[in-house]
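Read off the chains here:
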Amino acid sequence: MDCLSHLRQQGTTAGFTNLVSLREFEQLIDVPHYRQLEQQFTVSEASPPGEA
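Residues take numbers from 1 onward in each chain, read along the sequence in its written order. Given that the model is predicted, a residue must reach a pLDDT of at least 70 before its local features are reported, and side-chain atom pairs must reach 80 or more before they are shown or counted; all residues, however, enter totals for whole chains, interfaces and linings. The basis for every side-chain value is the complete set of non-hydrogen atoms in the structure, without hydrogens or water.

**Side note on a nonpolar patch on the surface**
Okay, so step 1: Patch membership requires more than 30% relative accessible area and the absence of a salt bridge. Residues of like charge join within 9 Å; the nonpolar side chains Val, Leu, Ile, Met, Phe, Trp and Tyr join within 5 Å. Here the Shrake-Rupley method, with its probe set to 1.4 Å, supplies the accessible areas, and only the displayed protein chains count as covering residues. Here, a salt bridge means any Lys or Arg side-chain nitrogen found within 4 Å of an Asp or Glu carboxyl oxygen. A contiguous nonpolar patch, built from Val 20, Leu 22, Phe 25, Leu 28 and Ile 29 and spanning about 510 Å² of accessible area, is present on the exposed surface.
Okay, so step 2: Burial classes: relative accessible area under 20% of the type maximum marks a residue as buried, over 50% as exposed, and values in between as partly exposed (1.4 Å probe, protein chains only). Its relative accessible area of 60% is what places Leu 22 among the exposed residues.

This is the structure in structure tokens:
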């Protein structure tokens with residue numbers, strides 16, 4: 001049984017033994033890459049345009 005079938009039948013993923021850990025999930029989706037992008041594109045609090 002796959003996870004979504006288990007979730008549909010049981011209403012929870014509790015008891016489903018084939019889930020990945022949070023650490024494995026973060027590695028799978030490459031969280032460090034997105035944290036780097038967040039740092040790169042985060043805009044600091046600044047005055048609105050035209051106000052100095």
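What follows picks up the thread again.
**Here we look at the side chain of His 6**
Okay, so step 1: Under the DSSP-based scheme used, a helix requires at least four consecutive residues in state H or I and a strand at least two consecutive residues in state E, with every element numbered from the N terminus. Within the secondary structure, His 6 is located in helix 1 (residues 3–10).
Okay, so step 2: Polar contacts, as used here, are pairs of N or O atoms within 3.5 Å; protein pairs need one atom able to donate a hydrogen and one able to accept it. Residues neighboring in sequence count only if both atoms are side-chain atoms. A distance of 3.1 Å separates the side chain of His 6 from the backbone oxygen of Ala 14, its partner in a polar contact.
Okay, so step 3: Contacts are residue-level and defined by heavy atoms, with any inter-residue pair within 4.5 Å sufficient. Residue contacts for His 6: discarding those within four places in its chain leaves Met 1, Gly 11, Thr 12, Thr 13, Ala 14, Gly 15 and Phe 16.

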